[in-house]
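Residue strings, one per chain:
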Amino acid sequence: MFADYSMSELGAIFAMQGFAGLILFSVFVLMALGLAIIFGQMGVINMAHGEFMILGAYVTYLTSNLFADHLPFLFGTYFFVAMIFAFLISGALGLLVEWSLIRHLYKRPLDTLLATWGLSLILQQTYRSIFGAREVGVSIPDWMMGSLPLTDLIEVPINGIFVMVLAVSISLAVYVMMFRSRWGKQVRAINQNRVMAGAVGINTEWTDRLTFGIGCGVAGVAGSAFTMIGSTGPTAGQLYIVDTFLVVVFGGAGSLLGTIASAFSISQAQSIMEFFLSGSMAKVLTLLVVVGILMIRPQGLFSLKLRK
Amino acid sequence: MQSSAFMTRKELIGFLILAALIFIVFPVALDNFRLNLFGKYLTYAFVAVGLALCWGAGGILSLGQGVFFGLGGYCMAMFLKLEASTPENTAIQSTPGIPDFMDWNQLKELPWWWEPFYSLPIALAAVVAVPVIFAFIIGVAMFTRRVGGVYFAIITQAFAAIMTILIIGQQGYTGGVNGITDLRTLMGWDIRTDEAKTILYFVNGALLFVVLLVAQYVRKSKLGRLLIAMRDQEDRVRFSGYNVANFKIFIFCLGAAFAGIGGAMFTLQVGFMSPTLVGIVPSIEMVIFCAVGGRLSILGAVYGALLVNWAKTSLSESFPELWLLGLGALFIAVVMFFPNGLAGVWSEKIEPRLLALFNQKKPSRPTPDGAPAE
């Protein structure tokens, strides 16, 4: 199958395919980070995670319309404002959901799963009623359009690079929050031993709520980033949920590094196989391999030793 | 009666009431179209009963029951499709004698794994065997490694996703997103007539009762008690010398077999099978049928499937927007306020009042045990 291509063309194809894989990697990392916080640290299954991302995407859409109508001279920068809004609004909804729903179900993880699925249905219908069933897209600022020619054959789209930069910076931000901030220390302490953490004076209830809120906020930022590479519809969140959970579980719940490593391996495997097989078969094979590995090694790639 | 007997008097009355509803009330009160609809709802009840055993009694939440429902349904549909695709019926195709969707996808001959489905006995065996084998592989891989709880739920959900993508992607072999449609006869007997649909409804009802009786037997057997013990204190059961994994594998396979039978009956009554009944969304909806009915109660599961589907049909006919909101609220409400579903509401709220009322009218009768003192 390679006979028709010259060496340089082949190199270009692999480079482009590798770059497509890197964009997919960034998307997976963005999707999974919020879930890695919520599921990895708290053990809560949030099936509405995709809907929190879509909320961020819709917030970005609204912000871009606002800037286009009222502040056209600042349009090039609207995206940064939108990301902050997306974080705040998704995070606030997360706090509300934790307070009203999740905190009653901590002892029943399977029930949390069903309740958050119900929440996701309600959110989907709400989006459909407000924004319509059709997908909406944002207008991308001029500086993000077009592509960067690296050589004669290899071109990389600027919005793809932007999403990659975002994924890296958000991962760094989450890392700093988890391992350098007071909140992160408290979260990890609670994860290791809830009773003792409470005994030494950590407000475990409030930390749980904040953790859930921050996880949802990160999901919102991820959704905001997605508007740069695709359009947003009310049911788009559901498409991501299986991938996202598999990325987090495959990486080993509780390990941030594991999440990133698993996002990298799954995305690269998928995009390389997509070149040889049809898109759907590549997806099926990737998922099967991931599930197969999880059956042999249920704790995932990187596992933390915890006393249960 | 002793509670260790196969069925207490109260349970017997429950079974008889359900039998009266399915075999007498529905056929008399509903027209042919509605009766067929209720027959369709009852095929989901097979899955819900299986879930009541796996999830309610065993504590294993599978979000992939749609896969087993679909496997059973596809096995049946493959037989019916081959029977409908005789060379005479498909003479206009470029390759007569193969199913129409294969011809549209430029297949020249029947794939080898379709061949066995020319035979009805093999197809009927496959309806049960294929889901069970599949469940056995998943079960052995997961339960012997002590994967359970939410991990099991997520992985079974991934299987539901894989199955849908596979069916849609391989449309030359599976009929793709439209599924296997245009099914006509079963051994020469036209299944599309009103009369045939009524007969199939009764066959479906009878099979459901067989499944219910098997489920009741399992619940009352030593296995059923062990399941509940495992759900609550898995380690203690293990330390008592039982092989926990084997019991879980068995109950998971049993649930898959029930779902497979339900899927086959769905194909027969509705006349098609498609990936929309296999994926993530239908699989999790099947869980809610069971949760609404009361996850511990096998009869409740049947009522749950009937009620939720009936509400879905009537609401989505008139207010399609309301249905998703209602379903979402139902998920939350059942989990937050009625963890034991309708069966819980019945045994905690309605039954004591009924008994109290009954006792007031006939004070001479002795108080049945279980009635609360007021």
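Up top is the structure.
Just so it is clear, the model here is predicted, and its values are computed rather than measured.

*Asks:* Just checking my understanding: could you explain the overall build of chain B for this structure?
*Replies:* Within chain B, the regular secondary structure consists of 15 helices and two strands. In terms of overall dimensions, chain B is globule-like: its C-alpha atoms have a radius of gyration of 22 Å, near the 21 Å expected for 374 residues. Expressed as lengths along the three principal axes of its C-alpha atoms, the size of chain B is roughly 80 × 50 × 40 Å. When burial is assessed residue by residue, chain B has 53% of its 374 residues classed as buried.

*Asks:* Would you mind going over the pattern of salt bridges with me for this structure?
*Replies:* Side chains that differ in sign of charge can pair as their charged atoms come close. Residue and element names in this part refer to chain B. Following the criterion strictly, the structure yields 16 salt bridges over all chains and no others. One salt bridge connects Arg 231 with Asp 232, and the closest N-O pair in it is separated by 3.1 Å. Note that Glu 234 and Lys 248 form a salt bridge whose closest N and O atoms lie 3.1 Å from each other. With a gap of 14 residues between them, Glu 234 in helix 10 (residues 234–239) and Lys 248 in helix 11 (residues 244–270) connect regions that are remote in the sequence. Its relative accessible area of 26% is what places Glu 234 among the partly exposed residues. A single network of salt bridges, built from pairs that share partners, joins Glu 234, Asp 235, Arg 238 and Lys 248.

*Asks:* Whenever I open this one, the packing of helix 1 (residues 7–42) of chain A against helix 10 (residues 256–276) of chain A confuses me. Can you help?
*Replies:* How two helices sit against one another is set out by the angle between their axes and by the gap between those axes. Residues and elements named next belong to chain A. In contact at an axis separation of 8 Å, helix 1 and helix 10 are set at 145° when each is read in the N-to-C sense. Here helix 1 and helix 10 pass one another in a crossing that is right-handed. Residue-level inspection shows Ile 13, Gln 17, Gly 18, Gly 21, Leu 22, Leu 24, Phe 25, Phe 28, Val 29, Ala 32, Leu 33 and Ala 36 of helix 1 in contact with helix 10, the latter providing Leu 256, Thr 259, Ile 260, Ala 263, Phe 264, Ile 266, Ser 267, Gln 268, Gln 270, Ser 271, Glu 274 and Phe 275.

*Asks:* Teacher, can you tell me more about the environment of B:Leu12 here?
*Replies:* All names here are of chain B. Take Leu 12: it is sitting in helix 1 (residues 9–29). Residue class for Leu 12 comes out partly exposed when judged on its relative accessible area of 41%. Distance in space between the C-alpha atoms of Leu 12 and Leu 226 is 23 Å, their sequence separation being 214 residues.

*Asks:* How should I be thinking about the packing of aromatic side chains in this particular structure?
*Replies:* For any pair of aromatic rings, the description consists of the separation of the ring centres together with the inter-plane angle of the planes. Here the structure, examined in full by the defined rule, presents 34 aromatic pairs over all chains. Between A:Tyr58 and A:Tyr127, the aromatic rings sit 5.3 Å apart at their centres with planes inclined by 50°, giving tilted as the arrangement. Pair noted here: A:Tyr58 is in helix 2 (residues 49–70) and A:Tyr127 is in helix 4 (residues 109–131), with a separation of 69 residues, a long-range link. On the basis of relative accessibility, which here comes to 1%, the residue A:Tyr58 falls in the buried class. Grouped by ring-pair contacts, the aromatic residues B:Phe68, B:Phe134, B:Phe143, B:Phe152, B:Phe159 and B:Phe252 constitute a single cluster.

*Asks:* Sorry if this is basic, but what is going on with the interface of chain B and chain A here?
*Replies:* Quite often, the size of an interface is put as the accessible area lost when its parts meet. On the side of chain A, 40 residues touch chain B, which itself brings 40 residues to the contact. Carbon and sulfur atoms make up 84% of the area that chain B and chain A hide from each other, which totals about 3,500 Å². At the boundary of chain B with chain A, the tally comes to one salt bridge. Measuring nitrogen to oxygen at the nearest pair gives 3.1 Å for the salt bridge that ties B:Arg295 to A:Asp111. Taken together, chain B and chain A are joined by three residue pairs in polar contact (both at pLDDT 80 or more). Only helix 5 (120–143), helix 6 (149–169), helix 12 (280–293) and helix 14 (320–336) of chain B provide two or more residues apiece to the side of chain B that touches chain A. In terms of residues, the side of chain B that touches chain A owes the most to one element, helix 6 of chain B, which gives 14 residues.

*Asks:* Please clarify how empty space enclosed by the protein should be interpreted in this entry.
*Replies:* The probe, sized like a water molecule, is rolled over the atoms to show the empty space still left. Residue and element names in this part refer to chain A. This model, assessed by the stated rule, comprises two cavities of 30 Å³ or more. A volume near 50 Å³ is recorded for the largest cavity. Breaking the lining of the largest cavity down by element, the ones donating at least two residues are helix 1 and helix 10. Of the residues assigned to the lining of the largest cavity, the class counts are four nonpolar, five polar and no charged. Roughly 40 Å³ of volume is contained in the second largest cavity. Lining the second largest cavity we find Phe 28, Asp 243, Leu 246, Val 247, Ile 266, Gln 270, Lys 283, Leu 287 and Val 290. Elements that contribute at least two residues to the lining of the second largest cavity include exactly helix 9 (236–251), helix 10 and helix 11 (279–296). Split into classes, the residues belonging to the lining of the second largest cavity amount to six nonpolar, one polar and two charged.

*Asks:* What is the right way to read the packing of helix 11 of chain A against helix 6 of chain B from this model?
*Replies:* Between helix 11 of chain A and helix 6 of chain B, the least distance of the axes is 9 Å, while the angle of their chain directions is 155°. Of the possible angle classes, the one that applies to helix 11 of chain A and helix 6 of chain B is roughly antiparallel. Every pair of crossing elements has a handedness; the one defined by helix 11 of chain A and helix 6 of chain B is left-handed. For the pair formed by helix 11 of chain A and helix 6 of chain B, the contact residues are A:Ser280, A:Met281, A:Lys283, A:Val284, A:Leu287, A:Leu288, A:Val291, A:Leu294 and A:Met295 on the first element and B:Ile155, B:Ala158, B:Phe159, B:Ile162, B:Ile165, B:Leu166 and B:Gly169 on the second. Of the residues that constitute the contact of helix 11 of chain A with helix 6 of chain B, the class distribution is 13 nonpolar, two polar and one charged.

What counts as what
Residues numbered from 1 in each chain as written. Chains lettered and ligands numbered in written order. Predicted model: local features only at pLDDT ≥ 70, side-chain atom pairs only at ≥ 80, totals over all residues. Heavy atoms only, no water. Helix = DSSP H or I, 4+ residues; strand = E, 2+ residues; numbered from the N terminus. Rg over C-alpha atoms; globule rule 2.2 N^0.38 Å. Buried < 20%, exposed > 50% of the residue type's maximum accessible area, 1.4 Å probe, protein only. Salt bridge = Lys/Arg side-chain N within 4 Å of Asp/Glu carboxyl O. Axes fitted to C-alpha atoms, helices over the stretch in contact; angles between N-to-C directions. Left-handed = near helix turned anticlockwise from the far one by under 90°. Contact = heavy atoms within 4.5 Å. Phe/Tyr/Trp six-rings, centres within 6.5 Å; stacked < 30°, edge-to-face > 60°. Buried area = accessible area lost by both parts, 1.4 Å probe. Polar contact = N/O pair within 3.5 Å; in protein donor to acceptor, adjacent residues only side chain to side chain. 1 Å grid on protein atoms, 1.4 Å probe; cavity = no way out; pocket = protein on both sides within 12 Å on 5 of 7 lines; lining within 4 Å. Points joined across faces, edges and corners; volume = space filled by probe spheres on them. Nonpolar A, V, L, I, M, F, W, Y, C, P; charged D, E, K, R; others polar. Parallel < 35°, antiparallel > 145°, perpendicular 65-115°, else oblique.

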